[in-house]
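A structural walkthrough
Now for the letters of each chain:
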Amino acid sequence: MMTNQQIWQAALGELELVISRASFTTWFKNTYISSIENNKIVICVPNAFTKTWLEKKYNKAILKAVQNITQERIKEIIYKVENIKAIPKEIPQTAPETNQEPENIAVTETIRGVDKSGLNRRYTFQNFIVGKSNELANAACLAVAKQPGMVYNPLFIYGGVGLGKTHLLQAVGNEILIKHNRRKVLYVSAETFTNEYIQAVKRGYAKEFKDRYRSVDVLLIDDIQFISGKEGTQEEFFHTFNTLHQDNRQIVITSDRPPKAIESLSSRLLSRFEWGMIADIGTPDLETRIAILEAKCKEKKYQLNDELLQFIAKEVSNNIRELEGVLNRIIAYHQINKLEPRKEDVKNIIRSITSPQLKNNITPKQLLAAVAEYFDISINDLLSKSREKKITYPRQIVMYLLRKEINFSFPAIGQELGGRDHTTAIHAYTKISKELLEDEKLRQDIELLKQKLYKNQ
Ligand code: ADP
Ligand code: MG
């Protein structure tokens, strides 16, 4: 049987797949399972605020995650406040702050080990597997870690979800702390930066905020695309950037897209992002995926038979986080059933982790219905051959959203829209993506549609 701690570790592994890292760190820090009885699980949280958030926002996801791990055994979750320690009275900060961690508590590794610098010791260059898809980014990061502020400044890394951007960014910080231990390193997600900034202004801590960010030697900022459209934050970041850059202090930035493709980014920030070096991370090839999976097995001390390993590496091809998610679930399966999963089971595990529906809980039908309703046309119109603009435009939006929100492949999108060709889907997707950069009305439409889609979740 798995211990409570193992179950929670595995469940957190699942949650990491569906929740942004900033939220994950904020809300799941210092949580643990205190008991499991009669299909009920009691999760302890550090304060009432967290309790409310987990209940209101994440209960569904948490339940699903523990059910995945325990194979449906759990039906209900109870959240209980276990007062650990008072929150330090500093500038309001959502950044991980874990010197406060009590020893006797089962916190996951993902969160344990994050210190004031926001760094998690788990991410290093040593455990980062290098292949064609990431060798440029890896080399640039190594160079920066060796001589911070001297080679590329800023260094801008971009690439899709789950491909190792955060890992590399954190590795830079960890390496600098080892090699140049007097340097002040700060890792922060752009989301946290934004939230802290807003809080700081609201509560009259703007100066402390500025000082804090402008006094570091190395600023590592993750998922910068988050500041898209946030003018105040962009302005603040612009000044932070300038102060640091003028002083040859190192800035490393990651993003899920190249600087030019970040919507509503001020042109002066854009030009600064392009000052230094820009490196992308692509999807790993099969050999790299195999090597990564082998490394993760070793790390988790799990022996996966070679056939399954090859199979998984082949099937899960464009997201390393999902690759790890599949492995976690296999390990959980093995521990619970005392039996290595068969290929059929592994197939199911892969399907449930990578299937688009699971990700956003939205079906293509719901998406079509929402768009049809929004534009006041019928689903049949969307599927029809009509070339009237009032139909073609919403149709293109559907195709765009199928790709963007539920990761449908282009051929599958064509299928879903009454058997159209995949090139039509590609065309629609690129067209809408491009127009989004300039068309404010379209942006609003998409935003409202998304709200409509997700409001019941
Ligand atoms: P991103 O920030 O690009 O979304 P992450 O850096 O969070 O992705 O990576 C997702 C997971 O995959 C992490 O657990 C990370 O350690 C792992 N990972 C990604 N790339 C590699 C790699 N090349 N070698 C080893 N682990 C990797
Ligand atoms: Mg990341």
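Heads up: the structure comes first, above all this text.
Residues numbered from 1 in each chain as written. Chains lettered and ligands numbered in written order. Predicted model: local features only at pLDDT ≥ 70, side-chain atom pairs only at ≥ 80, totals over all residues. Heavy atoms only, no water.

**Quick notes on the side chain of Thr-240**
Take Thr-240: it is sitting in helix α8 (residues 231-246). Residue classification places Thr-240 among the buried residues on the basis of a relative accessible area of 0%. Side-chain polar atoms of Thr-240 contact the backbone oxygen of Glu-236, separated by 2.9 Å. Residues contacting Thr-240, with those up to four places away along its chain left out, are Phe-193, Tyr-213, Arg-214 and Leu-219. (Helix = DSSP H or I, 4+ residues; strand = E, 2+ residues; numbered from the N terminus. Buried < 20%, exposed > 50% of the residue type's maximum accessible area, 1.4 Å probe, protein only. Polar contact = N/O pair within 3.5 Å; in protein donor to acceptor, adjacent residues only side chain to side chain. Contact = heavy atoms within 4.5 Å.)

**So, the sheet that holds strand β1 (residues 32-37)**
Here 3 strands make up an open sheet; going across it, the order is β1-β2-β3 and the pairing mixed. Both edges of this open sheet fall to β1 and β3 (76-81), since each of them pairs with a single strand only. Between one strand axis and the next, the sheet turns by 25° as a mean value, whatever way the strands run. Examined bridge by bridge, β1 and strand β2 (residues 40-45) share 5 bridges and lie antiparallel to one another. Paired with Ile-33 across the two strands is Ile-43, which belongs to β2. On the sheet, helix α1 (residues 4-18) packs against β1 and β2 and is oriented at approximately 115° with respect to β1. (Pairing = 2+ DSSP bridges. Axes fitted to C-alpha atoms, helices over the stretch in contact; angles between N-to-C directions.)

**Remarks on the nonpolar core**
Grouped together as the largest cluster of nonpolar side chains are 30 residues, with contacts concentrated most on Leu-367 and Ile-397. Of all the secondary-structure elements, those providing two or more residues to this core are α15 (364-374), α17 (389-406), α18 (410-416), α19 (422-438) and α20 (440-454). Ranked by residues supplied to this core, first place goes to α17 with 9 residues. Those residues in contact with Ile-397 that sit more than four places away from it in its chain are Phe-375, Ile-432, Leu-442, Ile-446 and Leu-449. Of all hydrophobic cores here, the second largest spans 26 residues; its members include Ile-43, Leu-54, Ile-69 and Tyr-79. (Core = buried A, V, L, I, M, F, W, Y, C linked by side-chain atoms within 4.5 Å.)

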